[in-house]
Amino acid sequence: MADSSDSVSIDIETISLGGKEHLIETRQGAISVAVYGDQDKPALITYPDLALNYMSCFQGLFFCPEACSLLLHNFCIYHISPPGHEHFLQETLQLGAATSTPHDPLLSADDLADQIVEVLNFFRLDAVMCMGVTAGAYILTLFAMKYRQRVLGLILVSPLCKAPSWTEWLYNKVLLNLVYYYGMCGVVKELLLKRYFSKEVRGCSQVPESDIVLACRRLLDERQSLNVWRFLEAMNERPDITEGLRMLQCRSLIFVGDSSPFHSEAVHMTSKLDRRYSALVEVQSCGSIVTEEQPHAMLIPLEYFLMGYGMYRPPKCSVSPRSPLSPLCISPELLSPESMGLKLKPIKTRMS
C-alpha cells in the first residue's frame with residue numbers, strides 16, 4: 001500500500017459547483033479527483049462508466065435537489081475519473097491531464113483498483129462509501145474486495161462482476177478496433193449511447209433525443225480515443241470476481257434499469273451477495289445510467305440505506321435546535337464496521 005507522501009497533487013479550481021480538481025500521481029500513473037463539500041465529513045467516492053466522467057455520469061443525481069441535500073449533508077464527495085477521462089479545461093492539459101501515449105503501460109482492472117487506495121491515502125481517508133456505475137461499479141467492488149477495511153458500503157449502478165461472456169468480449173473487440181482506427185466516430189458514439197441509455201431517451205426518427213443524451217453525445221466528442229481504448233481494454237480483460245462477493249464485509253445497494261444490457265448481470269451479482277446486507281432496486285423504463293436517466297428513483301432507497309449508518313436528509317426548515325427534525329450529528333461509532341448491516345432487509349422492487 002502506497003503512503004500518501006508518495007503522491008503529488010496538482011490543484012485546479014473548477015467552475016461548476018465550487019469543486020476543486022486534483023491530479024494525483026500514483027504508482028500506476030496520474031488520476032483525477034474532483035472534491036466537493038466539507039472534507040471533515042465522511043467520504044463518498046464515485047467512479048463512472050466507460051468514456052464518461054463525473055460530470056456526465058453523476059450530474060443528474062447531484063442536480064436532483066433532494067438527493068443532493070441528502071448526499072452533501074452527510075458526505076464530502078470525491079469524484080474519481082478513470083485515467084485520461086478528466087474534466088479539465090482544454091488549457092489545463094499541459095498540467096498533466098494529457099492524452100496517454102501508445103508507449104504507456106496498459107493498466108489492468110487490478111491496477112485501477114489499486115489507484116483508489118492511493119487516492120484515499122493522499123487525502124488521509126480511512127473507510128469510505130463507494131458509488132460506481134457499470135465499469136466503475138466493477139472497479140469499486142474489486143477495490144472493496146482487496147481493501148475490505150477501507151469500504152463502509154457500496155452503492156452500485158448496473159454493476160459488472162463476471163468476466164466478459166464470449167459475445168460481450170467479441171462486441172468489445174469490435175468496439176476496440178473502431179476506437180483505435182477511427183477514433184470517437186459516429187458508430188462508436190451510437191454503440192456507447194446504447195450501453196448507457198434506454199431506447200425511450202435515445203429517441204428515434206419520430207422522437208428527438210432527450211437533453212441528457214444530447215449532452216452525453218457532446219461529451220463523447222471531447223473524449224480522447226486512446227484513453228477510452230485503454231479503459232475498455234482493461235474492462236474486456238477483467239477477471240470474474242463472483243466467488244469473492246460473499247466475503248464482502250460491507251452493505252450493498254444495487255440499482256439497475258430494466259432496459260440495461262447489464263440487467264441480468266446485476267441480478268446475478270445480487271444473488272451472490274449476502275442477502276442480509278444487500279438490496280436490489282430495479283428501475284422500470286431505464287437504461288444503465290440510472291443516475292442520469294431516473295435519478296429521482298434512487299432517492300428513497302438511498303435514504304433508507306443511509307439511515308442504517310445514522311445518516312439522514314436534512315429538513316428544509318428546522319423549528320429549533322432541539323427539534324427532532326434537526327440534522328443529526330454523525331457519531332463515529334455509527335460508521336464503524338460493527339454498526340453496519342443491522343437494519344437493511346433484502347428487498348427487490350421496481351420503481352416507476
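What you see is a predicted model, and the numbers here were worked out from it, not measured in a lab. (Residues numbered from 1 in each chain as written. Predicted model: local features only at pLDDT ≥ 70, side-chain atom pairs only at ≥ 80, totals over all residues. Heavy atoms only, no water.)

S.K.: What should I look at first to understand the overall build of the protein in this one?
M.R.: When helices and strands are tallied, the protein shows 13 helices and 10 strands. Split into buried and exposed, the 352 residues of the protein put 57% on the buried side. Partitioning the intrachain contacts of the protein with sequence separation of at least 6 by distance along the chain shows that 77% fall at a separation of at least 24. Counting only carbon and sulfur atoms, one obtains 55% of the accessible surface of the protein, whose full area is about 15,800 Å². (Helix = DSSP H or I, 4+ residues; strand = E, 2+ residues; numbered from the N terminus. Buried < 20%, exposed > 50% of the residue type's maximum accessible area, 1.4 Å probe, protein only. Contact = heavy atoms within 4.5 Å. Areas by Shrake-Rupley, 256 points an atom, 1.4 Å probe, with all protein chains shown as cover.)

S.K.: Even after reading the chapter, I still don't get the pairing of strand E7 (residues 151–157), so can you show me in this structure?
M.R.: Within a regular strand, side chains alternate between the sheet's two faces. Where burial is concerned, most of E7 is hidden: 7 out of the 7 residues are buried. Note that strand E6 (residues 128–133) and E7 share 6 bridges and pair parallel. Opposite Cys130, over in E7, you have Leu154 as the bridge partner. Where the polypeptide runs from E6 across helix H5 (residues 135–146) and back to E7, its parallel neighbour, the crossover connection is right-handed. (Pairing = 2+ DSSP bridges. Right-handed = clockwise from strand over helix to strand, strands pointing away.)

S.K.: Hey, could you run me through the packing of aromatic side chains in this one?
M.R.: The relation between two aromatic rings is expressed through the spacing of the ring centres and the mutual angle of the planes. Under the definition given, this model contains 9 aromatic pairs. With a centroid separation of 5.7 Å and 50° between ring planes, the pair formed by Tyr180 and Trp229 is classed as tilted. With Tyr180 in helix H6 (residues 166–182) and Trp229 in helix H10 (residues 225–236), the pair connects residues that are 49 residues apart, well separated along the chain. Their ring planes at 65° and their centres at 5.6 Å tell us that Phe305 and Tyr309 sit as a pair that is edge-to-face. With respect to burial, Phe305 and Tyr309 carry one shared label: buried. (Phe/Tyr/Trp six-rings, centres within 6.5 Å; stacked < 30°, edge-to-face > 60°.)

S.K.: Looking at this structure, how should I read the pattern of salt bridges?
M.R.: Side-chain pairing between opposite charges can occur once the charged atoms of the two side chains come close. Within this structure, the stated rule accounts for 9 salt bridges. The salt bridge involving Arg217 is made with Glu209; its shortest N-O contact spans 2.4 Å. For Arg217, a relative accessible area of 19% translates into the label buried. Glu209 sits in the partly exposed class, given a relative accessible area of 24%. Arg276 is the salt-bridge partner of Asp274, the closest N and O atoms lying 2.8 Å from each other. Residue class for Arg276 comes out exposed when judged on its relative accessible area of 51%. In the salt-bridge network here, residues are joined through shared partners; they are Asp110, Asp114 and Lys146. (Salt bridge = Lys/Arg side-chain N within 4 Å of Asp/Glu carboxyl O.)

S.K.: Would you explain a nonpolar patch on the surface in this entry?
M.R.: On the surface, Trp166, Trp169 and Leu170 cluster together into a nonpolar patch covering about 380 Å² of accessible area. Relative to the assigned elements, Trp166 resides in helix H6. (Patch = residues over 30% accessible without salt bridge, like charges linked within 9 Å, V, L, I, M, F, W, Y side chains within 5 Å.)

S.K.: Teacher, can you tell me more about the side chain of Glu265 here?
M.R.: Looking at the element boundaries, Glu265 is found in helix H11 (residues 263–272). Buried within the structure, Glu265 lacks any salt-bridge partner; Arg238 is the closest side chain of opposite charge, at an N-O distance of 4.3 Å. At 2.7 Å, the side chain of Glu265 and the backbone nitrogen of Cys161 are in polar contact. Apart from the residues lying within four places of it in its own chain, the contact partners of Glu265 are Pro159, Leu160, Cys161, Lys162 and Arg238. (Lys, Arg positive; Asp, Glu negative; His and termini not counted. Polar contact = N/O pair within 3.5 Å; in protein donor to acceptor, adjacent residues only side chain to side chain.)

S.K.: What exactly am I supposed to notice about the packing of H6 against H10 here?
M.R.: Where H6 meets H10, the axes come as close as 9 Å, and the angle between the chain directions of the two elements is 165°. One element, H6, and the other, H10, form an angle in the roughly antiparallel class. Crossing of H6 over H10 shows left-handed handedness. Of the residues in H10, those in contact with Glu168, Trp169, Asn172, Lys173, Leu175, Leu176, Val179 and Tyr180 of H6 are Ser225, Trp229, Leu232, Glu233 and Asn236. Partitioned by chemical class, the residues of the contact of H6 with H10 number 7 nonpolar, 3 polar and 3 charged. (Axes fitted to C-alpha atoms, helices over the stretch in contact; angles between N-to-C directions. Parallel < 35°, antiparallel > 145°, perpendicular 65-115°, else oblique. Left-handed = near helix turned anticlockwise from the far one by under 90°. Nonpolar A, V, L, I, M, F, W, Y, C, P; charged D, E, K, R; others polar.)

S.K.: Would you explain the pairing of strand E9 (residues 278–283) in this entry?
M.R.: Most of E9 is tucked away: 6 of the 6 residues are buried. Side chains Ser278, Leu280 and Glu282 project from E9 onto one buried face, and the interleaved Ala279, Val281 and Val283 project onto a second face that is buried too. Of the strand pairs in this sheet, strand E8 (residues 251–257) and E9 are connected by 6 bridges, and their pairing is parallel. From the neighbouring strand, Ile254 faces E9, where its bridge partner is Leu280.

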